[in-house]
Amino acid sequence: MSAAAPFDPASATIAVVTYNRSALLTRLLESLVVMDPKPGHIVIVDNASSDDTTAVVESFRSRIGSEIVYRKLDTNTGGSGGFSEGMRIAYELGSEWIWLMDDDVEVLPDGLARMGVWAPRFQSIQGRRYDYDGSEFYWQYRVADRMGIPIPFAPAGFGPSGYKEMNSGCFEGMFIHRDIVRRIGLPDPRFFIYWDDQLYGWLASRITTSVIVDEFVLRRTREIKQWDMGIRHMNASSDAYRYYIMRNRAHIKRYYRTVGAYSPVLFGAGTALTFAKEIIRLLVVERKVSGTRHLFRGLRDGRKIARDRSWRPMPPLDAAQPAL
């Protein structure tokens, strides 16, 4: 299949990552039961859950209308490891299209059909989402290239084209063609959480026209504490997120160096702005200062990654394809 061929829903795989949230996973799977059309496969990667996730998955096998492939990992590999494994399984199943999502969303009934409309034109596509309260979820779909950080106020309007070009990505809804996966490889599990999807989308945008389309296809099902700033929100975080937000800047730096996009001054400014943003998140959204040490710990461990001579980018899946 080429990207210009008509979209076949059976050629698509939905890949879900879950961890100890069987109630949320149930809502997602219920939405897939009523979705029309359905994908050929649904891959569920379970990050070593200790709840009843396995039983929940098994209860849907005869109801969902697609083949379920369930993979329970021995350890929690984070969202990064889960999506890397989910994409690997989907790719090895022969899927032409891979639709990634967390367990805290549900798919609108015609979601796959809406994504499929754009499949003949593009190979890296992001749909839109409703937030928990039914409002339009705002996502920063543009990255400041040399700084490696989202542009905070990218224009929200779409105009008559129905799409906007993007140079980022989000694993909560990324819809990507296998040809792109083949060329840039799997998502990097070393991130564990945070920045992995932005980087993956950025890498995709370097070899294809990546777009966000004016199609609502997902609805978030988990409420998160937020600071409402009018046209956008700032979510609450956690100490683990704070650590990986800063540590993983080093992984991004290594990728940027690999592809010749690294600017020490501009990337350093991006890291400083990221640190400042997390301080604001602590003070304004979470109203505490105790998480600051995790930001410094992430910076410290990031320096080890930056000096690691054995570090290599994720390889392409086609042995004949040159590495990044």
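Here the residue numbering is sequential within each chain, running from 1 through the sequence in written order. Per-residue local features of the predicted model are confined to residues with pLDDT of at least 70, and side-chain atom pairs are confined, for both listing and counting, to 80 or more; whole-chain, interface and lining totals are unaffected and use all residues. Excluding hydrogens and water, the side-chain figures rest on all heavy atoms present in the structure.

Okay, empty space enclosed by the protein next. Rolled over the atoms, a probe with the dimensions of a water molecule shows which regions are left empty. The definitions used throughout rest on a 1 Å grid laid over the protein atoms alone, on which a cavity is an enclosed set of points accommodating a 1.4 Å probe that cannot get out and a pocket is an open set flanked by protein within 12 Å on both sides along at least five of seven lines; lining residues are those having an atom within 4 Å of a point. Grid points are joined across faces, edges and corners, and a volume is the space filled by probe spheres set on the points. All told, the structure shown has one cavity of 30 Å³ or more when counted by the stated rule. By the criteria applied, helices consist of DSSP H or I runs no shorter than four residues and strands consist of E runs no shorter than two, each listed in order from the N terminus. Per-element tally for the lining of the largest cavity: the top contributor is helix α6 (residues 196-205), with four residues. Here the term charged refers only to Asp, Glu, Lys and Arg, the term nonpolar to Ala, Val, Leu, Ile, Met, Phe, Trp, Tyr, Cys and Pro, and the term polar to all other amino acids, Gly among them. Its residues placed into classes, the lining of the largest cavity shows nine nonpolar, no polar and two charged.

Moving on, we come to unusual backbone geometry. Glycine aside, residues mostly have negative phi angles, and peptide bonds mostly take the trans form. Between D36 and the following residue, P37, the backbone shows a cis peptide bond with an omega angle of 0 degrees. Relative to the assigned elements, P37 resides in the loop between α1 (22-34) and β2 (41-46). For N20, which is not glycine, the phi dihedral falls at a positive 55 degrees. Following the sequence through the fold, N20 ends up in the loop between β1 (12-18) and α1.

Our focus in this paragraph is a nonpolar patch on the surface. A contiguous nonpolar patch, built from I280, L283, V284 and V289 and spanning about 320 Å² of accessible area, is present on the exposed surface. Examined against the element boundaries, V289 turns out to sit in the loop between α9 (264-285) and α10 (292-307). Put simply, a patch holds well-exposed residues, over 30% relative accessible area, that have no salt bridge, with like charges counted together within 9 Å and Val, Leu, Ile, Met, Phe, Trp or Tyr side chains within 5 Å. With residues, only the protein chains shown are counted as cover, and all accessible areas are computed by Shrake-Rupley using a 1.4 Å probe. By salt bridge we mean one thing: a side-chain nitrogen of Lys or Arg within 4 Å of a carboxyl oxygen of Asp or Glu.

What follows is about the packing of α6 against helix α8 (residues 249-259). Where α6 contacts α8, the two axes come as close as 11 Å, and the packing angle between them is 10 degrees. In terms of orientation, α6 and α8 fall into the roughly parallel class. Where α6 approaches α8, its residues L199, W202 and L203 are matched on the opposing element by Y255, Y256 and V259. Split by residue class, the contact of α6 with α8 holds six nonpolar, no polar and no charged. Whenever a helix is involved, its axis is fitted only over the stretch in contact; in every case the axis is a line through C-alpha atoms, and angles between N-to-C directions fall within 0 to 180 degrees. Every angle not falling under 35 degrees, over 145, or within 65 to 115 is termed oblique; those three ranges are roughly parallel, roughly antiparallel and roughly perpendicular. Contacts: residue pairs with any heavy atoms within 4.5 Å of one another.

Only Phe, Tyr and Trp rings take part, Trp by its six-membered ring, and two of them pair if their centres are within 6.5 Å. Stacked means planes under 30 degrees apart, edge-to-face means over 60, and tilted covers everything else. Taken as a whole and assessed by the stated rule, the structure comprises 18 aromatic pairs. Measuring from centroid to centroid gives 5.8 Å for W99 and F175, while their planes differ by 85 degrees, and the two rings are edge-to-face. Here F175 lies in strand β10 (residues 174-177) and W99 lies in strand β4 (residues 97-102), a separation of 76 residues in the sequence. Under the scheme applied here, a residue whose accessible area is under 20% of the maximum for its type counts as buried, over 50% as exposed, and between as partly exposed, the area being computed with a 1.4 Å probe on protein chains only. Relative accessible area serves as the criterion here: at 0%, W99 is assigned to the buried category. For F175, a relative accessible area of 0% translates into the label buried. A centroid spacing of 4.2 Å and a plane angle of 10 degrees characterise the contact between Y130 and F216, whose relative ring orientation is stacked.

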